[in-house]
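# Commentary on secondary and tertiary structure
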Amino acid sequence: MREELLERLETWHEQDEYENIVNTVQEIPVEERDYELVNHLGRALNNLERYEEAVEQFLTVAQEGADDPLWHYRIGLAYYYLEQYDKADQAFERSDELEPGDEDTLEFLEWIRNRDDEEYDEDVADEGHEDSESEKAAAEEASALITSVPVVHVDPPVPVSGEFWNDSELALEQYVSDQPSDGLIESVEEQLVFRLPASYIEMMKEHNGGIPYNRFFPVTNAESGETGYVEIEGILGIGRDKSKSLCGAEGSWAIIERDGYPEIGVAIATTPSRAGIVMLDYRSFGNDGEPEVVYVDKGDRKITPLAPNFEAFVQGLMRPEV
């Protein structure tokens, strides 16, 4: 009977039916829930982004999980998304000690260290140690992205005829996720509070995030009439697992919150050196409408329209003539 229950819970997990897991385990009296059942419950709560509840569950079996790397990883994940980074760091460190070299654990540790470095840099800047001239130069460099053709130091990879995605090692590691289920799409939309465009969802169901061969979108300078380009690094997919997915550690909300971008929609692509972002802009038609695609400059927060919709944006991506 118990084995059948565990198999059912695992099947629901693979099908992203996390509510079924939570409801089923919570129907079992607390005193009858063993270590394995509590971990199923905590994992499902994590996947539903109910992180405080997940932590509560994991802590009930903390003694049994003391030497389990997976227990430390799962509670570390909950702490991370609760922005309790010191506790998350401790949990991931212990997980790495128990199971050295796990890629997911090391990735979270890297994100935490990078965040700590950024916060340190911000503190130094607040104390007046940042050179104002360098800030000005950085802003000018960011603005230059849409006023002149960027310098390409190496030739971009040439696509095979008809191919859109460049599935490099970097792309597969940071961007590309499995095909999103309808449940995952719905939960990501709820987290973002915006309905994703049908053309974007359709594209992600074919190839969920990645780096295109054509990464430049042409923009005409209204004053000079010259054509420049906005260069993107990649397109964020639907999910949470990969760092550069919509709800990943380097996803839409993380970028907007970290860099202070206007909350006008969803970030779908970053540009080199964090000079700016490409966003779905919902201001004209509301959170459930069809968004336009815009570029937002990090230096002056200037918003530049790129395309009337996501499909037109993708069709407009090209290789620059340099």
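Please refer to the structure placed before this passage.
## Here we look at the packing of helix H3 (residues 35-47) against helix H5 (residues 69-81)
- Interhelical geometry of H3 versus H5 gives an angle of 30° and a closest axis separation of 10 Å. Between H3 and H5, the angle is such that the two are roughly parallel. Read as a crossing pair, H3 and H5 show a hand that is left-handed. Contacts from Tyr35, Asn39, Arg43 and Asn46 of H3 reach H5 at Trp71, Arg74, Leu77 and Ala78.

## Describing a negative patch on the surface
- Negative charge collects at one region of the surface, where Glu103, Asp104, Glu110, Glu169, Glu173, Asp178 and Asp241 lie side by side.
- Listing elements by their share of the negative patch, those giving two or more residues are helix H7 (103-126) and helix H9 (169-174).
- No other element matches H7, which puts 3 residues into the negative patch.
- The exposure class assigned to Asp178 is exposed, which follows from its relative accessible area of 68%.

## Re the packing of H3 against helix H4 (residues 51-59)
- Two numbers describe how H3 lies on H4: the axes approach to 8 Å, and their chain directions differ by 165°. Looking at the two axes, H3 sits roughly antiparallel to H4. Note on packing geometry: the crossing formed by H3 with H4 is left-handed. Residues Val38, Asn39, Leu41, Gly42, Arg43, Leu45 and Asn46 of H3 form the contact with H4, whose own contacting residues are Tyr51, Glu53, Ala54, Gln57 and Phe58.
- Taken together, the residues that form the contact of H3 with H4 break down as 6 nonpolar, 4 polar and 2 charged.

## A word on the nonpolar core
- If you look at the biggest cluster of nonpolar residues, it comprises 39 residues, and the most contacted ones within it are Tyr200, Ile238, Leu246, Val278, Leu306 and Phe313.
- Contributions of two or more residues to this core are made by helix H10 (182-192), helix H11 (198-206), strand E1 (216-220), strand E4 (265-270), strand E5 (276-281), strand E6 (292-297), strand E7 (303-307) and helix H13 (310-316).
- Leave out the neighbours within four places in its chain, and Val278 touches Val230, Ile232, Val266, Ala267, Ile268, Ala269, Val293, Val294, Tyr295, Leu306 and Phe313.
- Judged by nonpolar contacts, the second largest core, of 36 residues, contains Ile21, Ala78, Phe108 and Ile112.

## Let's talk about the pairing of E5
- The buried fraction of E5 is high, at 6 of 6 residues.
- Every second residue of E5 is oriented toward a common face, with Gly276, Val278 and Leu280 on one face and Ile277, Met279 and Asp281 on the other, all of them buried.
- Across 5 bridges, the pairing between E4 and E5 is antiparallel. Residue pairing across strands places Thr270 opposite Ile277, the latter belonging to E5.
- Hairpin connection from E4 to E5: 5 residues lie between these consecutive antiparallel strands, with Ser273 at a positive phi of about 60°.
- Here 6 bridges tie E5 to E6, and the two strands are oriented antiparallel to one another. Its bridge partner being in E6, Val278 is matched across the sheet by Tyr295.

## Description of the pairing of E7
- With 4 bridges joining them, E6 and E7 adopt antiparallel strand pairing. The partner of Tyr295 across the bridge, within E7, is Thr304.
- Two successive antiparallel strands, E6 and E7, enclose a turn made up of 5 residues, where Arg301 displays a positive phi of approximately 65°.

## A few points about the environment of Asp288
- Among the structural elements, Asp288 can be located in the loop between E5 and E6.
- Sequence separation between Asp288 and Phe194 is 94 residues, and the spatial gap between their C-alpha atoms is 6.1 Å.

## What about the environment of Asp259?
- Tracing the chain through its elements places Asp259 in helix H12 (residues 252-259).
- Distance from Asp259 to Gly276, taken between C-alpha atoms, is 9.4 Å for residues 17 residues apart in sequence.
- In contact with Asp259, other than residues within four places in its own chain, are Lys298 and Arg301.

## Some details on H12
- Along H12, the residues classified as buried are Ser252, Ile255, Ile256 and Asp259. Seen along its axis, H12 keeps its buried residues to an arc of 95°; they face one direction.
- In the core, the buried residues of H12 are packed alongside H10, E4 and E5.
- Just beyond H12, the residue with positive phi is Gly260, at close to 70°.

## What about the pattern of salt bridges?
- In this structure the tally under the stated criterion is 19 salt bridges.
- Salt bridges linked by common partners bring Arg2, Glu3, Asp34 and Glu36 together as one network.

## Examining the sheet that holds E5
- Pairing is antiparallel across the open sheet formed by 5 strands, whose spatial order is E3-E4-E5-E6-E7. For this open sheet the edge positions go to strand E3 (234-235) and E7, each flanked by a neighbour on one side alone.

## Some thoughts on unusual backbone geometry
- In this model, Glu49 sits at a positive phi of 65°, which is unusual for a non-glycine residue.
- Secondary-structure assignment places Glu49 in the loop between H3 and H4.
- One non-glycine residue, Glu83, lies in the positive phi region at around 65°.
- Here Glu83 shows up in the loop between H5 and helix H6 (85-98).

About the criteria used
- Residues numbered from 1 in each chain as written.
- Predicted model: local features only at pLDDT ≥ 70, side-chain atom pairs only at ≥ 80, totals over all residues.
- Heavy atoms only, no water.
- Axes fitted to C-alpha atoms, helices over the stretch in contact; angles between N-to-C directions.
- Helix = DSSP H or I, 4+ residues; strand = E, 2+ residues; numbered from the N terminus.
- Parallel < 35°, antiparallel > 145°, perpendicular 65-115°, else oblique.
- Left-handed = near helix turned anticlockwise from the far one by under 90°.
- Contact = heavy atoms within 4.5 Å.
- Patch = residues over 30% accessible without salt bridge, like charges linked within 9 Å, V, L, I, M, F, W, Y side chains within 5 Å.
- Areas by Shrake-Rupley, 256 points an atom, 1.4 Å probe, with all protein chains shown as cover.
- Salt bridge = Lys/Arg side-chain N within 4 Å of Asp/Glu carboxyl O.
- Lys, Arg positive; Asp, Glu negative; His and termini not counted.
- Charge placed at Lys NZ, Arg CZ, Asp CG, Glu CD.
- Buried < 20%, exposed > 50% of the residue type's maximum accessible area, 1.4 Å probe, protein only.
- Nonpolar A, V, L, I, M, F, W, Y, C, P; charged D, E, K, R; others polar.
- Core = buried A, V, L, I, M, F, W, Y, C linked by side-chain atoms within 4.5 Å.
- Pairing = 2+ DSSP bridges.
- Arc of directions from axis to C-beta.

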